[in-house]
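A structural walkthrough
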Amino acid sequence: MFFCSKSSVYAMEYVDGEDTYEYSILANGTVKITDYQGKSRTIKIPSQIDGRNVTIIGQSAFSYATRCLDAIEIPPTVTTIESWAFTQGSLKEITIPSSVKSIGYYAFHCCARLETVNFSDGLNELGYGAFAECKALSNIEIPSSITRLENWTFKGCTSLTSITIPRNITTMGIGVFENCTSLKKIVIEDHSVGLIDENVFDNTAWYNSQPDGVVYFENALYGYKGTMPENTSITVKNGTAYIVDHAFQEQNNLTGITLQNSLTEIEIPETVTTIYGEAFFQCTSMDSIYISKNVQNIGFGAFSNMDGAKVVISEENPYFTAENDCIYNKEKTVLIACLSRLEKVIIPDTVVELSSGAFSSNSFIISHEFFGSRLPVGSSAKRIGGLFTNAL
């Protein structure tokens, strides 16, 4: 016989038959389980220890023990499952009671035999990578109480074939379903997701079945798949609400996605309200970009490393304006991005702030002139006396 254990020092112990739980008493008088040692294949975590409710399964508490366990029952007193709690386990199925409000990051990461997760409504927070690399996971129903899927939540769940995103989810973070190679059916209730971050569906069966070219998901321009021909002109289709982060950025780590250096022109329609960060990162061949009247938000570095482009912003846009191919807020107090190929750019004396990366598109040294203002410099701008450059 052997013990599954991850011993800790100076912890209190509670013995239940052949199972030993190490624990600590929290400030509110409840119990946090910090480690488990035992021989059982199936266990029922106690709801109370010494008359105190068990409310937290601590970080890495079962991360080694679950290599020996087939099933664990979590009591309805538990409100929090901390990070790495069950990582690399051999569980086949887990039921999360409605009392659990928070599951920490990578809590069930690399549970290679885990096939089914039974959630209950009541869960508010599902940490990033919580079920990443659970390669046997084939069935998942996301609870309606969740409003955001954090980065990499189900990344690498290669047996997952379909997913329904409940209507309460408004945001999906980076790579949520990335490398879910069997995932071909994606349903979003009421088309409710307002933001899809980069790489959410990369290397899924759905993405891999898309034809080369501009890829859309719901009302988002998701990215460009395949090799973009030279001198390409793109018109974003009507109904597009936003452009996903890094939509046209070089993605050399992903099969079939290449640097979009041949993009030369893009017109953003009036339905787009947000251009997210680095959406056109390193599109060095782009000659022009038109921003419609309804664009309200431009993310950090949306046009960075483009090496100059002509910018036209609709005169009806109440949020942004352009001058000498530089983008400002409407009041011209913030310089957001300068795409000009001029060797000298005069910054208006109304400007009091330079956004981070404002000059990252310029492959030359830019001089500036301003009148009496002291300009705060963004974290990625380089200042040498009166010069700004990205050459450092």
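Predicted model, so just to flag it, every value in this text is computed and none were measured.

Regarding the overall build of the chain
From N to C terminus, the chain includes 1 helix and 34 strands. Here the chain holds 392 residues, and the buried ones make up 52% of them. Sequence separation of 24 or more characterises 37% of the internal contacts of the chain that already satisfy a separation of 6 or more.

Brief notes about the side chain of Ser 40
Among the secondary structure elements, Ser 40 is positioned in the loop between β3 (31-37) and β4 (42-44). For Ser 40, a relative accessible area of 16% gives the class buried. Within the structure, Ser 40 has its side chain in polar contact with the side chain of Asp 19 (distance 2.9 Å). Dropping the residues within four chain positions of it, Ser 40 is found in contact with Asp 19, Cys 68 and Leu 69.

Some thoughts on the sheet that holds strand β29 (residues 326-329)
Pairing is mixed in the open sheet, where 4 strands are placed in the order β28-β29-β30-β31. Lying at the two open borders of the sheet, with one neighbouring strand each, are β28 (320-323) and β31 (353-354).

Thoughts on the side chain of Ser 63
Examined against the element boundaries, Ser 63 turns out to sit in the loop between β6 (52-57) and β7 (71-73). By relative accessible area, which is 6% here, Ser 63 ends up buried. Within polar-contact distance, the side chain of Ser 63 engages the backbone oxygen of Ser 60 at 3.0 Å.

Some thoughts on the environment of Tyr 242
Along the chain, Tyr 242 falls in strand β22 (residues 242-243). Residues Tyr 242 and Pro 269, spaced 27 residues apart in sequence, show a C-alpha to C-alpha distance of 9.9 Å. Contact partners of Tyr 242, with chain neighbours within four places excluded, come to Gly 194, Leu 195, Ile 196, Asn 219, Ala 220, Leu 221, Val 272, Thr 274 and Tyr 276.

Comments concerning the nonpolar core
For soluble globular proteins, the rule of thumb is that nonpolar side chains tend to be buried together. Formed by 67 residues in total, the largest nonpolar core has its most connected members in Phe 62, Ile 81, Ile 103, Phe 154, Met 172 and Phe 177. With 3 residues, β3 is the single largest residue contributor to this core. Beyond its immediate chain neighbours, meaning those up to four positions away, Phe 154 contacts Leu 126, Phe 131, Ala 132, Leu 137, Ile 140, Ile 142, Leu 149, Val 176, Phe 177 and Cys 180.

Quick notes on the packing of aromatic side chains
Remark: the centre distance and the inter-plane angle together describe each pair of aromatic rings, the angle taken between the planes. Evaluation of the coordinates by the stated rule reveals 23 aromatic pairs. Positioned above the aromatic ring of Tyr 207 is the side chain of Lys 225, whose terminal nitrogen or guanidinium carbon lies 5.4 Å from the ring centre. Here the basic side chain of Lys 332 rests over the ring of Tyr 328, its NZ or CZ set 5.9 Å away from the ring centre.

Description of the pattern of salt bridges
With the rule as written, the count across this model stands at 9 salt bridges. Between Glu 82 and Lys 32 there is a salt bridge, with its nearest N and O atoms 3.2 Å apart. Taken together, the residues span a long stretch of sequence, with Glu 82 in the loop between β8 (80-81) and β9 (93-95) and Lys 32 in strand β3 at a distance of 50 residues. Lys 32 gets classed as partly exposed once you look at its relative accessible area, which sits at 21%. For the salt bridge of Arg 167 with Glu 189, the shortest nitrogen-to-oxygen distance reads 3.7 Å. Here Glu 189 lies in the loop between β17 (185-188) and β18 (195-196) and Arg 167 lies in the loop between β15 (162-165) and β16 (171-172), a separation of 22 residues in the sequence. Three or more residues are tied together by salt bridges with common partners; here these are Arg 41, Asp 70 and Arg 113.

Some remarks on the environment of Ile 169
Within the secondary structure layout, Ile 169 lies in the loop between β15 and β16. By relative accessible area, Ile 169 is classed as buried at 0%. Between the alpha carbons of Ile 169 and Thr 147 there is a distance of 4.0 Å; along the sequence they are 22 residues apart. Sequence-distant contacts of Ile 169, defined by excluding residues within four places in its chain, comprise Ile 142, Ile 146, Thr 147, Arg 148, Leu 149, Ser 192 and Val 193.

A few points about the state of the cysteines
Per the stated rule, a full pass over the model turns up 1 disulfide. A sulfur-sulfur separation of 2.5 Å characterises the disulfide bridge that pairs Cys 326 with Cys 338. Placement of the pair is Cys 326 in strand β29 and Cys 338 in strand β30 (residues 334-338), with a sequence separation of 12 residues. Taken as a pair, Cys 326 and Cys 338 share a single burial class, namely buried. Cysteine Cys 110 shares no disulfide, and the gap to the nearest cysteine sulfur, in Cys 134, comes to 7.3 Å. With no disulfide of its own, Cys 111 has Cys 134 as its nearest cysteine by sulfur position, at a separation of 5.0 Å.

A short note on the sheet that holds strand β13 (residues 139-140)
With respect to topology, 3 strands assemble into an open sheet ordered β9-β11-β13, the strand pairing being parallel. In the strand order of this sheet, the two ends are held by β9 and β13, each with one partner. Relative to β13, strand β11 (residues 116-118) is paired through 2 bridges, and the arrangement is parallel. Along β13, the bridge assignment pairs Val 117 with Ile 140.

Here we look at unusual backbone geometry
Leave glycine aside and you will find that most residues have negative phi; peptide bonds, for their part, are mostly trans. Despite not being glycine, Asn 203 shows a phi value in the positive range, around 60°. Within the secondary structure layout, Asn 203 lies in the loop between β18 and α1 (205-208).

Thresholds, definitions, all that
Residues numbered from 1 in each chain as written. Predicted model: local features only at pLDDT ≥ 70, side-chain atom pairs only at ≥ 80, totals over all residues. Heavy atoms only, no water. Helix = DSSP H or I, 4+ residues; strand = E, 2+ residues; numbered from the N terminus. Buried < 20%, exposed > 50% of the residue type's maximum accessible area, 1.4 Å probe, protein only. Contact = heavy atoms within 4.5 Å. Polar contact = N/O pair within 3.5 Å; in protein donor to acceptor, adjacent residues only side chain to side chain. Pairing = 2+ DSSP bridges. Core = buried A, V, L, I, M, F, W, Y, C linked by side-chain atoms within 4.5 Å. Phe/Tyr/Trp six-rings, centres within 6.5 Å; stacked < 30°, edge-to-face > 60°. Lys NZ or Arg CZ within 6 Å of the ring centre and 35° of its normal. Salt bridge = Lys/Arg side-chain N within 4 Å of Asp/Glu carboxyl O. Disulfide = S-S within 2.5 Å.

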